[in-house]
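A structural walkthrough
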Amino acid sequence: MNPDNPIYLYRPSRRNIGLMAVTVAYAVTGFDLLLQPERWERTAAYGNLLNIISAQKWAVLYVAVAGLLAASLWLHQRWGLGVVAHTTGIALGVFWWAAFVIRWLTDDSTTVANVLSWGIYLLLLGLSSMSLARKVSR
Amino acid sequence: MSSAVSSLYRPPGRSVGLIAVTIAYTAFGLGLWLQPDRWAKTPAYALLLDLLPQQVWGTIYLVVAALLAAAVWQCQVWWLAVVAHSLGLALGGGWWIAFVIRWLTDDKTTVVNVVSWGTYVLLLVLSASLLERRRLESS
């Protein structure tokens, strides 16, 4: 392998499928929270989270993080932007995932579906963040 | 050139998306088998549980997850990957359609399940596209 032109399995790219999937998921979640907050307020699964801050504020957070993730996809050579986007994306995802885990453990009318969904988003973000670590080690 | 291409595109059976969906389907199958009352109490799954009981859905999820896991393990067996991806897409697509119908017809439902199952279907479609790419490369 030529050290001046290495090939990386994990490298920052606009074709980062996992990051794209999470960006779309966060954007849709944010816009739905913003445009249809009553649906979220009527669903018991989100009671813990909407007790902390309102649906509109969560919406702003989701849309802002989705915007950062989209920007990090578009400007994929900007390492600092990638770090900020992944950090905020993982922080938001972990918070919601923890809330769903707590609810699943304490409420026997809740399924494991949301725990898994947010777990998959975190897995995809975690794997995407590996591309940033590889860039640092270069 | 061929070594560079094979380095960039891993075998589709080992794609991250496929592994993620395999884990999710396994957990759904186990959840449907071990905690069927939780699914029955959640209105979001009413359409699906009207069609088949939890245990039958649980068995279907576990069988498809086993096929997906086999496709990950035996990643060079092309027909196994095709069967696993097809069944995974059929199951995920079916549930996704049920959630879309419910979201459109029930104003108490959020978009969460639509997005979640849409993500699983997207990951399976992208994994399947790598499968086709690998076949083109090898021919």
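Residues numbered from 1 in each chain as written. Chains lettered and ligands numbered in written order. Predicted model: local features only at pLDDT ≥ 70, side-chain atom pairs only at ≥ 80, totals over all residues. Heavy atoms only, no water.

**Thoughts on the overall build of chain A**
A count of helices and strands for chain A gives 6 helices and 0 strands. Along chain A, from the amino end to the carboxyl end, the secondary structure elements read α-α-α-α-α-α. Across the 138 residues of chain A, 44% fall into the buried class. Taking the intrachain contacts of chain A between residues at least 6 apart in sequence as the baseline, contacts between residues at least 24 apart amount to 70%. (Helix = DSSP H or I, 4+ residues; strand = E, 2+ residues; numbered from the N terminus. Buried < 20%, exposed > 50% of the residue type's maximum accessible area, 1.4 Å probe, protein only. Contact = heavy atoms within 4.5 Å.)

**Observations regarding the interface of chain B and chain A**
Each partner contributes to the interface: chain B provides 34 residues, whereas chain A provides 34 residues. Of the roughly 2900 Å² buried at the junction of chain B and chain A (both faces included), carbon and sulfur atoms supply 65%. For the pair chain B and chain A, the number of links is 2 salt bridges. The tally of links between chain B and chain A comes to 14 residue pairs in polar contact (both at pLDDT 80 or more). When contributions to the side of chain B that touches chain A are tallied by element, the ones reaching two or more residues are helix 1 (2-8), helix 2 (16-34), helix 3 (36-41) and helix 7 (112-138) of chain B. Looking at the side of chain B that touches chain A, its residues break down into 19 nonpolar, 8 polar and 7 charged. (Buried area = accessible area lost by both parts, 1.4 Å probe. Salt bridge = Lys/Arg side-chain N within 4 Å of Asp/Glu carboxyl O. Polar contact = N/O pair within 3.5 Å; in protein donor to acceptor, adjacent residues only side chain to side chain. Nonpolar A, V, L, I, M, F, W, Y, C, P; charged D, E, K, R; others polar.)

**Considering the pattern of salt bridges**
Summed over all chains, the structure comprises 5 salt bridges over all chains. Arg42 of chain A is paired through a salt bridge with Asp107 of chain B; the nearest N and O atoms lie 3.2 Å apart. With Arg42 of chain A in helix 2 (residues 37-42) and Asp107 of chain B in the loop between helix 6 (78-105) and helix 7, this residue pair bridges two chains. Between Asp106 of chain B and Lys108 of chain B there is a salt bridge whose closest N-O contact spans 3.6 Å. The class for Lys108 of chain B is partly exposed, based on a relative accessible area of 49%. What you see here is one network of salt bridges that share partners, running through Arg102, Asp106 and Lys108 of chain B.

**Some remarks on a nonpolar patch on the surface**
Residues and elements named next belong to chain B. Residues Leu47, Trp96, Ile97 and Ile101 make up a contiguous nonpolar surface patch of roughly 350 Å² in combined accessible area. The element contributing the most residues to the nonpolar patch is helix 6, with 3 residues. With respect to the helices and strands, Leu47 occurs in helix 4 (residues 46-51). A residue is classified by how much of its surface remains accessible, and Leu47, at 38% relative accessible area, is partly exposed. (Patch = residues over 30% accessible without salt bridge, like charges linked within 9 Å, V, L, I, M, F, W, Y side chains within 5 Å. Areas by Shrake-Rupley, 256 points an atom, 1.4 Å probe, with all protein chains shown as cover.)

**Focus: the layout of surface pockets**
When its volume is computed, the second largest pocket comes out at roughly 530 Å³. The wall of the second largest pocket is formed by 27 residues, among which Thr43 and Ala45 of chain A together with Thr42, Pro43 and Ala44 of chain B lie closest to the centre. Where the lining of the second largest pocket is concerned, the elements lending two or more residues are helix 5 (79-106) and helix 6 (113-137) of chain A together with helix 7 of chain B. Residue composition of the lining of the second largest pocket, grouped by class: 11 nonpolar, 9 polar and 7 charged. (1 Å grid on protein atoms, 1.4 Å probe; cavity = no way out; pocket = protein on both sides within 12 Å on 5 of 7 lines; lining within 4 Å. Points joined across faces, edges and corners; volume = space filled by probe spheres on them.)

**Here we look at the confidence of the model for chain A**
When pLDDT is averaged across chain A, the result is 86; 86% of the residues are at 70 or more. Looking at the elements of chain A, mean pLDDT is at its lowest for helix 6 of chain A, recorded as 84, and at its highest for helix 4 (residues 55-74) of chain A, recorded as 95. (pLDDT = per-residue confidence, 0-100.)

**A short note on the packing of aromatic side chains**
All names here are of chain B. For the structure shown, the criterion picks out 28 aromatic pairs over all chains. A centroid spacing of 5.1 Å and a plane angle of 85° characterise the contact between Tyr61 and Trp95, whose relative ring orientation is edge-to-face. Here the residue Tyr61 occupies a position in helix 5 (residues 54-73), and Trp95 occupies one in helix 6, the gap between them amounting to 34 residues. On the basis of relative accessible area, Tyr61 is assigned to the buried category, the value being 0%. (Phe/Tyr/Trp six-rings, centres within 6.5 Å; stacked < 30°, edge-to-face > 60°.)

**Focus on the environment of Phe99 of chain B**
Residue and element names in this part refer to chain B. Assignment of secondary structure puts Phe99 in helix 6. Along the backbone, Phe99 and Thr109 are 10 residues apart, and their C-alpha atoms lie at a distance of 9.0 Å. Discounting chain neighbours no more than four positions away, the residues touching Phe99 are Ala44, Tyr45, Leu48, Asn113, Val114 and Trp117.

**With respect to the packing of helix 5 of chain B against helix 6 of chain B**
Residue and element names in this part refer to chain B. Closest axis-to-axis distance for the helix 5/helix 6 pair is 8 Å, and the angle between their directions is 145°. Taken as a pair, helix 5 and helix 6 cross one another with a handedness that is left-handed. Only Leu80, Ala81, Val83, Ala84, His85, Leu87, Gly88, Leu91 and Trp95 of helix 6 make contact with helix 5, whose side of the interface consists of Trp57, Ile60, Tyr61, Val64, Leu67, Leu68, Ala70 and Ala71. For the contact of helix 5 with helix 6, the residue count by class is 15 nonpolar, 2 polar and no charged. (Axes fitted to C-alpha atoms, helices over the stretch in contact; angles between N-to-C directions. Left-handed = near helix turned anticlockwise from the far one by under 90°.)

**Details of the confidence of the model for chain B**
Residue and element names in this part refer to chain B. When pLDDT is averaged along chain B, the result is 86, and 84% of the positions lie at 70 or above. Across chain B, the secondary-structure element scoring lowest on mean pLDDT is helix 1, at 43, and the one scoring highest is helix 5, at 95. Per-residue pLDDT stays below 50 along residues 1-9; that stretch engages in 11 contacts with residues further than four places along the chain or on separate chains. The ipTM assigned to the predicted complex is 0.81, against a pTM of 0.84.

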